[in-house]
Amino acid sequence: MDTKFDSYFVVKAKENGVNVIGLTRGKDTRFHHSEKLDEGEVMVVQFTEHTSAVKIRGKATLMTPFGTMETEED
Ligand code: TRP
């Protein structure tokens, strides 16, 4: 399998209404999916053929291969 698909990370929402937004791979970079998480919900995210970047909106903890980090408050 292509190595660009290997990386997973975890998003844990620290408030209601956190958005996990997937951006498309390729020439056009646009939103293709927005998933809403409520406080305490966890989403395991993978990069795929269709998704090359992810934007997190709202207060959340991200656990990535690079470490654990928090989004800033709005
Ligand atoms: N259908 C999307 C895909 O295969 C699902 C997805 C994967 C996704 N990673 C994501 C959606 C990250 C939002 C954020 O690429």
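Here is a short report on the structure shown in this document. (Residues numbered from 1 in each chain as written. Predicted model: local features only at pLDDT ≥ 70, side-chain atom pairs only at ≥ 80, totals over all residues. Heavy atoms only, no water.)

## A closer look at the side chain of Thr61
For step 1, the next point in the chain: Summarising the element assignment, Thr61 is placed in strand S6 (residues 60–64).
For step 2, the next point in the chain: Judged by its relative accessible area of 14%, Thr61 falls in the buried class.
For step 3, the next point in the chain: At 2.9 Å, the side chain of Thr61 and the side chain of Glu70 are in polar contact. (Helix = DSSP H or I, 4+ residues; strand = E, 2+ residues; numbered from the N terminus. Buried < 20%, exposed > 50% of the residue type's maximum accessible area, 1.4 Å probe, protein only. Polar contact = N/O pair within 3.5 Å; in protein donor to acceptor, adjacent residues only side chain to side chain.)

## Description of the site of the ligand
For step 1, the next point in the chain: Every residue near the ligand is listed here: Gly22, His32, His33, Val45, Gln46, Thr48, His50, Thr51 and Val54.
For step 2, the next point in the chain: A distance of 2.4 Å separates an oxygen atom of the ligand from a polar atom in the side chain of Thr48.
For step 3, the next point in the chain: Thr51 places a polar side-chain atom, nitrogen or oxygen, 2.5 Å from an oxygen atom of the ligand.
For step 4, the next point in the chain: Elements with a contribution of two residues or more to the shell around the ligand: strand S3 (31–37), strand S4 (42–46) and strand S5 (51–57).
For step 5, the next point in the chain: A class-by-class count of the residues in the shell around the ligand yields two nonpolar, seven polar and no charged. (Near = heavy atom within 4 Å. Nonpolar A, V, L, I, M, F, W, Y, C, P; charged D, E, K, R; others polar.)

## Observations concerning the pairing of strand S7 (residues 67–70)
Every regular strand shows the same layout, with side chains that alternate between the two sheet faces.
For step 1, the next point in the chain: Note that S6 and S7 share four bridges and pair antiparallel. Paired with Met63 across the strands is Thr68, a residue of S7.
For step 2, the next point in the chain: Hairpin connection of S6 to S7: two residues between the antiparallel strands. (Pairing = 2+ DSSP bridges.)

## Here's the deal with the side chain of Thr24
For step 1, the next point in the chain: Tracing the backbone through its elements, the reader meets Thr24 in strand S2 (residues 18–24).
For step 2, the next point in the chain: For Thr24, a relative accessible area of 7% gives the class buried.
For step 3, the next point in the chain: Ignoring anything within four residues of it in the chain, the contact list for Thr24 reads Thr29, Arg30, His32, His50 and Ser52. (Contact = heavy atoms within 4.5 Å.)

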